[in-house]
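# Structural description and commentary
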Amino acid sequence: MAKHISYHAPADSATLSVRPTPPGESVTWKDFIVLTKPGILRSNMIAVFAGFWLASHWDLQYGKLIMTLLGTMLVMASSCVFNNYFDRELDTKMERTKNRALPTGKMSPKTVLWYAVFLGIAGLAVLFGFSGILAGLFGIVGMFVYVVVYTLWLKRSSTWSTSVGAISGAMPPVIGYVAVTGSVDLGAILLFAMLFLWQPPHFWALGIRRVEEYRAAGYPLLPVVKGIPRTKLQMLPYLVLLIPIPILMYLYDYTGMWFLVIGEILSLAWLFMALKGIRSQDSDAWAKKVFLFSINYLTINLIVIILDTVRF
């Protein structure tokens, strides 16, 4: 059973600024952009596009594609802004987050909250209006899991936060896929599985590198609660389960031989790195390599899926 760390928000958390606004600094449009975590948005837009493209089999509806990308981007941006809002006090305790606009007091919590609400409503309206009911419903699922289940609950209380939170991170390609098909079939399931299984080992590698920061902030991340050796072992089932995905994509005529070969090589290489890491004495250096590899793993796989989608 995972250990639990309780977290109590202050009574006036809806209006609290963690620090006074630094003198001479004013809010700019860039601050609003940063709140949406544009790096996360960019990488996930590729996933949305890949899902849409795979379902289209090269026969694209360009208008629907653009609106699906826009709607998903707005929904994800809303979720990231909500995450910034609810984590603003915990962010003051971590080196990589303490200089964000909310922890420094540069932006007011009320402004950020309304910004998140606006983005979410706009994004869901676009998805339901242009991409279909199923795409909109998956957008709601992604937001709910990330904001409520992950950010407000498990991130503060359980080592299961990473695994359960991966559900929201696996939504973008599924939204893209069902926007075309209007149904959930094996293609949507395989895309979901690939993104879902990719996330825990990817994030745990970062967690190992920053384990002391997470410990100081009070996050019950797996490396903090169970230790680094246990975290390395827990990566393995996820990586093993990634191996069949390129095979199934090939066997069921979603992608061709290129993704079968490249996807398998990358999956086996990642598993080999993880197995080597069990005996590694320099966990920080190992985790850095695994983290960088995981980013390239996903990017390359998504690009190959797009280029190697079977034509109907």
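Just above, that's the structure.
Residues numbered from 1 in each chain as written. Predicted model: local features only at pLDDT ≥ 70, side-chain atom pairs only at ≥ 80, totals over all residues. Heavy atoms only, no water.

## Observations concerning the overall build of the chain
The line we're drawing: Working definition: helices are DSSP H or I runs of at least four residues, strands are E runs of at least two. Numbering for both runs from the N terminus. Whether a residue is buried, partly exposed or exposed follows from its accessible area with a 1.4 Å probe, protein chains only, as a fraction of its type maximum: under 20%, in between, or over 50%, in that order.
Within the chain, the regular secondary structure consists of 14 helices and zero strands. Secondary structure of the chain in N-to-C order comes out as α-α-α-α-α-α-α-α-α-α-α-α-α-α. Viewed in the frame of its principal axes, the chain has a C-alpha envelope of about 60 × 50 × 35 Å. Evaluated residue by residue, the chain yields a buried proportion of 52% over its 312 residues.

## Some words on the packing of aromatic side chains
Stated precisely, the cut-off is as follows: What counts as a ring pair is set by centres within 6.5 Å for rings of Phe, Tyr and Trp (its six-membered ring), and what kind of pair is set by the plane angle: stacked under 30 degrees, edge-to-face over 60, tilted for all other angles.
Inspection of the entire model under this criterion finds twelve aromatic pairs. Ring centres of Tyr146 and Tyr150 lie 5.5 Å apart, and the angle between their planes is 20 degrees; on these two criteria the pair is classed as stacked. You can see Tyr146 and its partner Tyr150 sitting in helix H5 (residues 133-153), four residues apart, about one turn around the helix. A single burial state applies to Tyr146 and to Tyr150, both of which are buried.

## So, the nonpolar core
Operational definition: Only buried residues count toward a nonpolar core, which is a set of Ala, Val, Leu, Ile, Met, Phe, Trp, Tyr and Cys residues joined through side-chain atoms within 4.5 Å. We call two residues in contact when some of their heavy atoms are within 4.5 Å.
Judged by nonpolar contacts, the single largest core of 87 residues is most densely connected at Met194, Leu242, Met249 and Trp270. Considering every element that reaches this core, the biggest residue donor is helix H8 (residues 186-209), with twelve residues. With residues near it in sequence (within four places) discarded, Trp270 still touches Trp198, Pro201, His202, Leu239, Leu242, Val290, Phe293, Ser294 and Tyr297.

## Here's the deal with unusual backbone geometry
Here Lys37, not a glycine, exhibits a phi torsion of approximately 55 degrees, which is positive. Tracing the sequence through the fold places Lys37 in the loop between helix H1 (29-35) and helix H2 (38-56). Notably, His57 is not glycine yet its phi reads approximately 50 degrees, a positive angle. For His57, the location among the structural elements is in the loop between H2 and helix H3 (62-86).

## Describing the side chain of Thr36
The following threshold applies: Think of a polar contact as two N or O atoms within 3.5 Å of one another; within protein, one of them needs to be a possible hydrogen donor and the other a possible acceptor, and neighboring residues in sequence only count if both atoms come from side chains.
In this fold, Thr36 is placed in the loop between H1 and H2. Within the structure, Thr36 has its side chain in polar contact with the backbone oxygen of Ile33 (distance 2.5 Å). With near-sequence residues (within four places) excluded, Thr36 lies in contact with Leu41, Ala77, Cys80, Val81, Tyr115 and Leu119.

## Notes on the environment of Ala116
Topologically, Ala116 is positioned in helix H4 (residues 109-131). Ala116 sits in the buried class, given a relative accessible area of 0%. Sequence-wise, Ala116 and Leu74 are 42 residues apart; in three dimensions their C-alpha atoms are separated by 9.4 Å. Beyond its immediate chain neighbours, meaning those up to four positions away, Ala116 contacts Ser78, Val81 and Phe82.

## Concerning the pattern of salt bridges
As a reminder of what qualifies: For salt bridges, the criterion is a side-chain nitrogen of Lys or Arg within 4 Å of an Asp or Glu carboxyl oxygen.
On inspection of all chains with the given rule, the structure shows six salt bridges. Residues Asp31 and Lys106 are paired through a salt bridge, measuring 3.2 Å at the closest nitrogen-oxygen approach. Here Asp31 is found in helix H1, whereas its partner Lys106 is found in the loop between H3 and H4, with 75 residues between them in sequence. Here the two residues Asp31 and Lys106 agree in accessibility, since each one is buried. Close ionic contact of Arg209 with Asp284 constitutes a salt bridge, the shortest N to O distance being 3.7 Å. In this pair, Arg209 sits in helix H8 while Asp284 sits in helix H14 (residues 283-307), placing the two residues 75 residues apart along the sequence. Overall, Asp284 belongs to the partly exposed group, its relative accessible area being 38%. Connected via shared salt-bridge partners are Asp87, Lys155 and Arg156.

## A look at the layout of surface pockets
Rule in force here: Cavity means a closed set of points on a 1 Å grid over the protein atoms alone, one where a 1.4 Å probe fits but cannot get out, pocket means an open set with protein on both sides within 12 Å along at least 5 of 7 lines, and lining means a residue has an atom within 4 Å of a point. Grid points are joined across faces, edges and corners, and a volume is the space filled by probe spheres set on the points.
Roughly 1200 Å³ of volume is contained in the largest pocket. Every residue lining the largest pocket is counted, 46 residues in all, and those nearest its centre are Ile40, Asn44, Tyr146, Gln199 and His202. For the lining of the largest pocket, the elements supplying multiple residues, two or more each, are H2, H3, H5, helix H6 (161-169), helix H7 (171-181), H8 and H14.

## So, the side chain of Ser294
For Ser294, the position within the fold is in helix H14. Residue class for Ser294 comes out buried when judged on its relative accessible area of 0%.

## Things to note about empty space enclosed by the protein
To keep it simple, the criterion reads: Amino acid classes used here: Ala, Val, Leu, Ile, Met, Phe, Trp, Tyr, Cys and Pro are nonpolar; Asp, Glu, Lys and Arg are charged; the rest, including Gly, are polar.
The full count for this structure, using the stated rule, is one cavity of 30 Å³ or more. By volume, the largest cavity is sized at about 60 Å³. The wall of the largest cavity is formed by Tyr150, Lys155, Ser161, Thr162, Phe203, Tyr214, Tyr219, Pro220 and Leu221. Partitioned by chemical class, the residues of the lining of the largest cavity number six nonpolar, two polar and one charged.

## Overview of the environment of Gly263
Looking at where Gly263 falls in the secondary structure, it is placed in helix H13 (residues 257-277). Between the C-alpha atoms of Gly263 and Leu298, which are 35 residues apart in sequence, the distance is 9.6 Å. Those residues in contact with Gly263, other than ones at most four positions away along the chain, are Pro246, Trp258 and Asn301.

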